[in-house]
Each structure stands twice: as C-alpha cells, then as structure tokens.
Amino acid sequence: MPAKVTFASARPKQLKADATLPALLDRMLVKWAFKKRFGGKKVAIKMHLGGHMGYSTIHPLLVGRIVKAVKDAGGKPFICDVPWAVNSAWERGYTQEVLGAPLQPVTSEADKYVYPHKVNFRTLKTVNKAGNVMDAEALIVLSHGKGHGHSGFGGAIKNIAMGCVDGETRSQIHRLVSATFKWDAKKCTGCLLCRDNCPNGAITYKDKKISIFDHACKYCMHCQLACPKKAITIDQRGYRYFQHGMALTTKAVLDGFDRSHTLFITALLQITPFCDCWGFTTPSIVPDIGILASDDIVAAETAAVDMIKAEDFIEGSLPHPLRRAGEGHLFQQIHGKDPYMQIEECEAVGLGSRKYTLVNIQ
Ligand code: SF4
Ligand code: SF4
C-alpha cells in the first residue's frame, strides 16, 4: 500500500492568515495523531540549524508551531543538531525563548557522546550514533529541502545520516566518495590539461598537487580523458557507495526508534542549490512549495524531490559558477548527481516505500 504524505501548500488560495502556511501546518500536524505518537515522551526534533549568515533555514515561527504541537500532546521536545550549528543557532533566531524548547548538541559539546554501531561498508566501518538523539523516546526529523553538492538533494536522509552522528562518522561517509578520486603524482607532468578541461571548475593545482573538489565534480570524466599521462582515475561507483553509506547510517539511527514514534517533516521553502552548512544563502531556484510530512522517510523524500520541478526553475537564480546542463531532475542538472539515488538506497535497506499518496491539507 502506498505511504501517506500530507502536504501544506505555501501558495494560499485565499488572502487571509488562516489560508497561509503556518495555519495549514497546524492543521496538517493534527493528521499525525501527536498524542499517540509523542504523548509523555522525550521527543528529539532533529533540525539543520545552518551556519554563519545563512538565512534560508526553517523559519523559527514554523519550528515553534511544531514544538507547541508536541507540548500540547504531552510530549517533552528538544531541538538538536551538530555541536557547531547549535553553538551559533541564536544568530539565526533559534533560541529556547523563541522556539519554546531547549537546544542540545546531538553528540554533546565535545562531539563525544555516541553509541557505536558496526557496519563495515568500505571506508564506513562504524556509525557513531548521536547519544542525545538515541536517548530520546521519539524523533521528529524536521528538514529543510534544498540542493546538495554531494547527493543532489539534502532532506531527511541527509539530516539523519550527516546530523545524527559524530564528525568521525561524517568523515567516513564522505571518504566513500572522495576515496574514489585518484591522482598519481609520479605520472603527472603538471600540464594542467585536466584542470583546463574540467567544465565545472572542480580541479585545483596547488603546491604541485592536483585535487578534485567532489562537491563540484559531475563525474563527466573529461579530466581523466584529457590527461595524456593517465595520472587521474575516477571510479564513478563512488557516488553510489556514498548514497549506500548514508542509507546504512539512516537505518542504524532509525532502528533505535519504534517507527510509530517518528515523523518526517520537510519544508520546501527557500530552496537553494547548496546545503545550509555553507553558511550563506543564495536566491531560491524555484518558488516556495510548502511543507510535507510522512511517517515513511522514503515516501517523504520521494515526494519532496518530485515536487521540485525543473519547469519551475527561476531564471537567473543560480550563482556563478553553477549552471544547468544535461537531462534529469533539476538538481541533477545543477550538481550532476541523481537526487533519487539516496532514496533508492534507503528503500533497498528496508526503510520505506517510494510509492505514496499525497493528501492536500485545506
Ligand atoms: S570528472 Fe568532470 S567534473 Fe569531475 S573533476 Fe573531472 S572534469 Fe571535472
Ligand atoms: S592532465 Fe594529467 S598530467 Fe596534466 S596536470 Fe592533469 S593529472 Fe597531471
């Protein structure tokens, strides 16, 4: 049976407050039986609180409404994210006074409070699950849907796989892809044909060393083909390994919760090409869409990616040097990475279904 995804639109049908997104969000949350799901429980609300001067993370007013719904249902919510994002969260308007719930670093201030979980997948040996998240009895994954240089799309899966673990696990996941870029210093003559043939500015040459920035790389292989000395090799499977590592990590975290006590809420607002961790905001690349929710992470992510349509692209919104090229999803055109692959990997490890039914909230 298809999973249920509820949707509150950001495009009001009437010009009155009750028809706008915060009111629709309130009515949407009612559909998820918060009393049964969260009543009497310690509820971790995992967000990406952004960094530095970014202003496209989820608006505190919307977060506050979700906190209130949990409290009204008898739950005890707290907001959490990685330590460095929590430390500076006040700069972006996230304080206990505004949100109505305390903020906590997922792995403690020192990034040390974890529960290790062995996975042994290539460079990803151990998932160090965030202690403060795993100690909660219920979990709301509140994500800002946006583009991402590593996986095309950043939503609920990224929020868990990169945000409910410690820094060491994040590095191990990133190495799944970076380890597949190889440069042989002994063969290289420094001719720079690789750099000059990279259409995405992903190659730099410094101190006689070539390095490839995997966020910007689109796996076009031009550099490998252009190199007369065969000094560069790229294993395109690295992208799939990365997505599989994220799926294994997401599963390790979610397996610690009774699924009837979880909910995935994704805000498709201020959809920028880059992740919030870049610490700055560039223009939205499509008009605001709304907020969706599901108790199935795979369905929630599929619906979110489906709703971001190439035909809604706002001309002139991409910052230099980004540009659209090729076919596929809008994020694939921008980042060269299929945003559905992480979802396929999560479905393959049993985290949910890509089939969903959309319920529009009136
Ligand atoms: S594969 Fe393509 S995008 Fe990636 S570094 Fe080589 S030339 Fe640049
Ligand atoms: S094209 Fe090959 S030989 Fe030339 S700089 Fe790049 S890696 Fe070195």
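For clarity, every value in this text was computed on a predicted model and none was experimentally measured.

Caption draft 1: A look at the nonpolar core. Within the largest apolar cluster, 94 residues are counted, with the highest numbers of intra-cluster contacts made by Ile45, Ile66, Ile79, Val133, Ile140, Leu142 and Ala300. Looking at this core element by element, the count peaks at 8 residues for helix α11 (residues 237-254). Those residues in contact with Ala300 that lie beyond four places of it in its chain are Val5, Ala156, Phe264, Thr266, Leu292 and Ser294. Within the second largest apolar cluster, 12 residues are counted, among which are Phe181, Cys223, Ala231 and Ile232.

Caption draft 2: Molecular detail of the site of ligand 2. Every one of the 13 residues lining ligand 2 counts as a neighbour, but Cys188, Cys191, Cys194, Cys227 and Ala231 are closest to it. Of the residues in the shell around ligand 2, the class split is 10 nonpolar, 2 polar and 1 charged.

Caption draft 3: Local environment of the sheet that holds strand β1 (residues 3-9). Read from one edge of the open sheet, 8 strands run β4-β3-β2-β7-β14-β15-β1-β16, paired in mixed fashion. Edge positions in the sheet fall to β4 (103-105) and β16 (356-360), since each of these pairs with one other strand and no more. Within the sheet, the average angular offset between the axes of one strand and its neighbour, ignoring direction, is 25 degrees. The pairing of strand β3 (residues 76-81) with β4 spans 3 bridges and is classified as parallel. Paired with Cys80 across the two strands is Gln104, which belongs to β4. In the packing of helix α12 (residues 297-307) onto the sheet, the strands contacted are β1, β14 (262-268), β15 (290-294) and β16, and the crossing angle to β14 comes to about 10 degrees.

Caption draft 4: Examining the site of ligand 1 more closely. Near ligand 1 you find 13 residues, and of these Cys198, Cys217, Cys220, His222 and Cys223 are the closest. Taken together, the residues that form the shell around ligand 1 break down as 10 nonpolar, 2 polar and 1 charged.

Caption draft 5: Summary view of helix α3 (residues 60-72). For α3, which comprises 13 residues, the first-to-last C-alpha distance of 18 Å matches the rise-based estimate of 18 Å (1.5 Å per residue) to within 8%. Residues of α3 that are buried include every one of Val63, Ile66, Val67, Ala69 and Val70, and no others. Buried residues of α3, seen end-on, are gathered within an arc of 160 degrees and therefore sit on one face of the element. A positive phi of about 90 degrees marks Gly74, the residue just after α3.

Caption draft 6: Representation of the domain arrangement of the protein chain. What the domain assignment lists for the protein chain is domain 1 (3-175 + 237-360) and domain 2 (181-234). For domain 1 and domain 2, the distance between their C-alpha centroids amounts to 33 Å. Counting residues at the interface gives 5 residues for domain 1, matched by 6 residues for domain 2. Here the residues of the side of domain 1 that touches domain 2 are counted per class, giving 2 nonpolar, 3 polar and no charged.

Calculation rules
Residues numbered from 1 in each chain as written. Chains lettered and ligands numbered in written order. Predicted model: local features only at pLDDT ≥ 70, side-chain atom pairs only at ≥ 80, totals over all residues. Core = buried A, V, L, I, M, F, W, Y, C linked by C-beta atoms within 7 Å. Buried ≥ 20, exposed ≤ 12 C-beta atoms within 10 Å, placed from the backbone. Helix = DSSP H or I, 4+ residues; strand = E, 2+ residues; numbered from the N terminus. Contact = placed C-beta atoms within 7 Å. Near = placed C-beta within 6 Å. Nonpolar A, V, L, I, M, F, W, Y, C, P; charged D, E, K, R; others polar. Pairing = 2+ DSSP bridges. Axes fitted to C-alpha atoms, helices over the stretch in contact; angles between N-to-C directions. Expected span 1.5 Å × (residues − 1). Arc of directions from axis to C-beta. Domains from an automatic or database assignment.

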